[in-house]
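Listed below, chain by chain, are the residues.
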Amino acid sequence: MKQGLHPEDYRLVVFKDISTDYSFLTRSTAPSRDTITWEDGKEYPLVKLEISSASHPFYTGKMTFVDTAGRIDKFKKKFAKFDLG
């Protein structure tokens, strides 16, 4: 294997799905400014996710739409001048 290819600064990080409040603790190099106190009482960096296995339709079997950035309103406003209906 090539040397120096993989990062060496892995640390424990909490990933949290903001749409379902599902969280899990794992090792990662993902940058984060936020922190959270985990179940063991220790504080870990927090990475917020829009979609995880707890909210993705493939894993849940439910079709739900998460509009976190107002994409629908942005689309409607952009194409309102082309009234097709």
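The residue numbering used here restarts from 1 in each chain and proceeds along that chain's sequence as written. For this predicted model, a pLDDT threshold of at least 70 governs which residues receive local features, and a threshold of 80 or more governs which side-chain atom pairs are given and counted, while totals over whole chains, interfaces and linings are taken from all residues. Heavy atoms throughout the structure, all of them, feed into the side-chain values; hydrogens and water do not.

All right, on to the pairing of strand β3 (residues 34–37) then. One face of the sheet, then the other: side chains in a regular strand alternate in exactly this way. The pairing of β3 with strand β4 (residues 43–49) spans four bridges and is antiparallel. Counterpart to Asp34 in the pairing with β4 is Leu46. Pairing between strands requires that DSSP locate at least two bridges from one strand to the other. Each helix corresponds to a stretch of at least 4 residues labelled H or I by DSSP, and each strand to a stretch of at least 2 residues labelled E; elements are numbered beginning at the N terminus. Counting the residues that bridge the hairpin from β3 to β4 gives five residues, and of these Gly41 lies at a positive phi of roughly 90 degrees.

Nonpolar cores were defined as sets of buried Ala, Val, Leu, Ile, Met, Phe, Trp, Tyr and Cys residues, with membership established by side-chain atoms within 4.5 Å. Relative accessibility thresholds used throughout: buried, under 20% of the residue-type maximum; exposed, over 50%; partly exposed, between the two (1.4 Å probe, protein chains only). Grouped together as the largest cluster of nonpolar side chains are five residues: Val13, Phe15, Ala30, Val47 and Leu49. Among the elements of the structure, β1 (11–17) and β4 are those that each provide at least two residues to this core. Two residues qualify as a contact provided that any one of their heavy atoms is within 4.5 Å of a heavy atom in the partner residue. The residues contacting Ala30, other than those within four sequence positions of it, are Arg11, Phe15 and Val47.

Before going further, it helps to examine the side chain of Ser28. Among the structural elements, Ser28 can be located in strand β2 (residues 22–28). By relative accessible area, which is 12% here, Ser28 ends up buried. Any pair of nitrogen or oxygen atoms within 3.5 Å is treated as a polar contact; in protein, a donor-acceptor pairing is required on top of that, and neighbouring residues in sequence qualify only through side-chain atoms on both sides. Engagement of the side chain of Ser28 in a polar contact is seen with the backbone nitrogen of Ala30, the distance being 2.9 Å. Here Ser28 is in contact with Asp9, Tyr10, Arg11, Val13 and Phe15, once residues within four sequence places are set aside.

The next subject is the pairing of β1. Examined bridge by bridge, β1 and β2 share seven bridges and lie antiparallel to one another. Residue Phe15 lies in a different strand from β2, and its bridge partner there is Phe24. Between the end of β1 and the start of β2, which pair antiparallel, lie four residues, with Asp21 showing a positive phi angle near 65 degrees. Direction of pairing for β1 relative to β4: parallel, over a ladder of four bridges. The residue of β4 that forms the bridge with Asp17 is Leu49.

Patch building starts from residues that exceed 30% relative accessible area and form no salt bridge, then joins like charges within 9 Å and nonpolar side chains (Val, Leu, Ile, Met, Phe, Trp, Tyr) within 5 Å. Only the protein chains shown count as cover for residues, and the accessible areas themselves come from Shrake-Rupley with a 1.4 Å probe. The rule for a salt bridge is simple: a side-chain nitrogen of Lys or Arg has to be within 4 Å of a carboxyl oxygen of Asp or Glu. In this tally, Asp and Glu contribute negative charge and Lys and Arg positive charge; neither His nor the terminal groups of the chain are included. Lysine's charge is taken at NZ, arginine's at CZ, aspartate's at CG and glutamate's at CD. Taken together, the side chains of Arg71, Lys74, Lys78 and Lys81 make up a positively charged region of the molecular surface. Within the secondary structure layout, Lys81 lies in the segment after α2 (71–78).

Take the packing of aromatic side chains next. In this scheme Phe, Tyr and Trp rings, the latter by its six-membered ring, pair at centre separations within 6.5 Å, and the angle between planes marks the pair as stacked below 30 degrees, edge-to-face above 60, and tilted otherwise. Taken as a whole and assessed by the stated rule, the structure comprises two aromatic pairs. Both rings, one in Phe15 and one in Phe24, keep their centres 5.5 Å apart while their planes meet at 15 degrees; by these two values the pair is stacked. Taking the centre distance of 5.8 Å and the plane angle of 35 degrees together, the rings of Tyr22 and Phe24 count as tilted. The class of Tyr22 is partly exposed, set by a relative accessible area of 37%. By the ring-pair criterion, three or more aromatic residues cluster together here, those being Phe15, Tyr22 and Phe24.

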